[in-house]
Amino acid sequence: MCKNAFTKNKKILILTDRKELFSQSDSVLLKLGLKPQLIKPNSKVDLNENLFVGMIQTVMRRIEILKEWIDSLDLIIIDEAHKSIFDGLFDYINKKTYVIGATATPHREGKQLSLEKFYDDIIQVIDTPDLIESGNLSTPISYGVKVDLKGVKTKAGDYDEKSMADKYSEIQLYHGVYDNYTKICNGKKAIIFAPSRDSSVELVNSFVSKGLNAKHVDCYMNNRDEIIEWFEKTEGAILSNYGILTTGFDCPTIEVVILYRATKSLPLFLQMVGRGSRVMPTKNEFTILDFGNNIQRHHYWEAPRKWN
């Protein structure tokens, strides 16, 4: 879409909310022979060019300076469009501008504004079961360990992270994670989604003490890029993360997704599991270890879903 618009001399902006997605968008465009202007902190941008990749946080911080430029755009593509962080931008978009919101989970819950407030139509060209059948997504093999969540508080429509982390620590669930990982998929590259930073660190320390090659990462760490690079390049590595790799993280070598948390959010569940669904010549299936009753709550990740 960008390339077609670019050849017609149109002005295009791709927006994302994560540094990792920002880098991926830039590299994909370069492979297409397109060199975008990058809108990022502490950098000057030539607004006379036609193709831009930016982070929504940076754009909104500069909105007073950029609002006339935004009004002049012909095409805006929003990555992970289900996220409410993009909502404020729509007040500045020209009604003649084409806006494409891309997401695998076009769904909002709780007090978030419905996507129909911002988009005129939804186009679902294919569903997860079709993509698995065609070989474009890996086949999941699911295992669930029932966890008693009684007493875990709810906050803003989902399980309270601290309350959940305290519960998991109290029942020492990390021992069960180790036992099941080593029993079912020992030695395979795994990504773990934890309910809090402390909970993730506790689990990793337990894994390391038992001889597993595991590390923790979160968005507050200065060396997070270094840790993610280690994970991508290391066979059999285990990476436990808190609040950073739920959407858009592209690492096809992931063989196991461990849900060391519970969520009432269908989009979050689908996005977390999706990190293991990438295909490779040497991989056409992946394993899900669910320690939060998530599959029971949301049905299987690969179940057919009709979005509207």
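Residues numbered from 1 in each chain as written. Predicted model: local features only at pLDDT ≥ 70, side-chain atom pairs only at ≥ 80, totals over all residues. Heavy atoms only, no water.

### Considering the environment of isoleucine 12
Thought 1: Looking at the secondary structure, you find isoleucine 12 in strand β1 (residues 12-16).
Thought 2: Among the residues examined, isoleucine 12 registers a relative accessible area of 0% and is labelled buried.
Thought 3: In this structure the C-alpha to C-alpha distance between isoleucine 12 and threonine 128, which are 116 residues apart in sequence, comes to 29 Å.
Thought 4: Beyond its immediate stretch of four places on either side in the chain, isoleucine 12 contacts Cys2, Ala5, Phe6, Asn50, Leu51, Phe52, Leu73 and Leu75. (Helix = DSSP H or I, 4+ residues; strand = E, 2+ residues; numbered from the N terminus. Buried < 20%, exposed > 50% of the residue type's maximum accessible area, 1.4 Å probe, protein only. Contact = heavy atoms within 4.5 Å.)

### Quick word on the pairing of β1
Thought 1: With five of its five residues buried, β1 lies for the most part within the structure.
Thought 2: Going residue by residue along β1, you find Ile12, Ile14 and Thr16 tucked away on one face and Leu13 and Leu15 tucked away on the opposite face as well.
Thought 3: Across five bridges, β1 lies against strand β3 (residues 51-55) in parallel orientation. Looking at the pairing, leucine 15 lines up with glycine 54 of β3.
Thought 4: Examined bridge by bridge, β1 and strand β4 (residues 75-79) share four bridges and lie parallel to one another. Across the sheet, the residue bridging to leucine 15 is isoleucine 78, located in β4. (Pairing = 2+ DSSP bridges.)

### Comments concerning the nonpolar core
Grouped burial of nonpolar side chains is what soluble globular proteins tend to show.
Thought 1: Ile191, Phe231, Leu245, Phe249, Leu259, Phe269 and Trp301 are the most contacted members of the largest nonpolar core, which has 30 residues in total.
Thought 2: Residue assignment for this core shows that the elements contributing at least two residues are β9 (190-193), α9 (224-233), β12 (256-259), α10 (266-274) and β13 (285-290).
Thought 3: Of the residues forming this core, the biggest block, six residues, is contributed by α10.
Thought 4: Formed by 27 residues, the second largest nonpolar core is a distinct cluster that contains Tyr174, Tyr181, Leu212 and Leu289. (Core = buried A, V, L, I, M, F, W, Y, C linked by side-chain atoms within 4.5 Å.)

### Here we look at the sheet that holds strand β2 (residues 37-39)
Thought 1: One open sheet holds the five strands; their spatial order is β2-β3-β1-β4-β5, and the pairing between them is parallel. Two strands lie at the open edges of the sheet, namely β2 and β5 (98-102), each paired on one side alone. Averaged over all adjacent pairs, the angle separating strand axes in this sheet is 20°, with direction ignored.
Thought 2: In the sheet, β4 pairs with β5 via five bridges, with the strands oriented parallel. When the sheet's bridge partners are listed, isoleucine 77 is paired in β5 with isoleucine 100. (Axes fitted to C-alpha atoms, helices over the stretch in contact; angles between N-to-C directions.)

### Side note on the side chain of threonine 58
Thought 1: Summarising the element assignment, threonine 58 is placed in helix α3 (residues 56-61).
Thought 2: The contact partners of threonine 58, leaving out residues within four places of it in the chain, are Ile39, Lys40 and Pro41.

### Notes on the packing of aromatic side chains
Thought 1: Tallied over the full model, the rule gives eight aromatic pairs.
Thought 2: Measuring from ring centre to ring centre gives 5.0 Å for phenylalanine 90 and phenylalanine 118, while their planes differ by 50°; the resulting arrangement is tilted. Within this pair, whereas phenylalanine 90 is found in the loop between β4 and β5, its partner phenylalanine 118 is found in the loop between β5 and α5 (128-133), the two being separated by 28 residues in sequence. Side by side, phenylalanine 90 and phenylalanine 118 carry an identical accessibility label, which is buried. (Phe/Tyr/Trp six-rings, centres within 6.5 Å; stacked < 30°, edge-to-face > 60°.)

Honestly, that's just the spatial picture; any functional story needs more than this.
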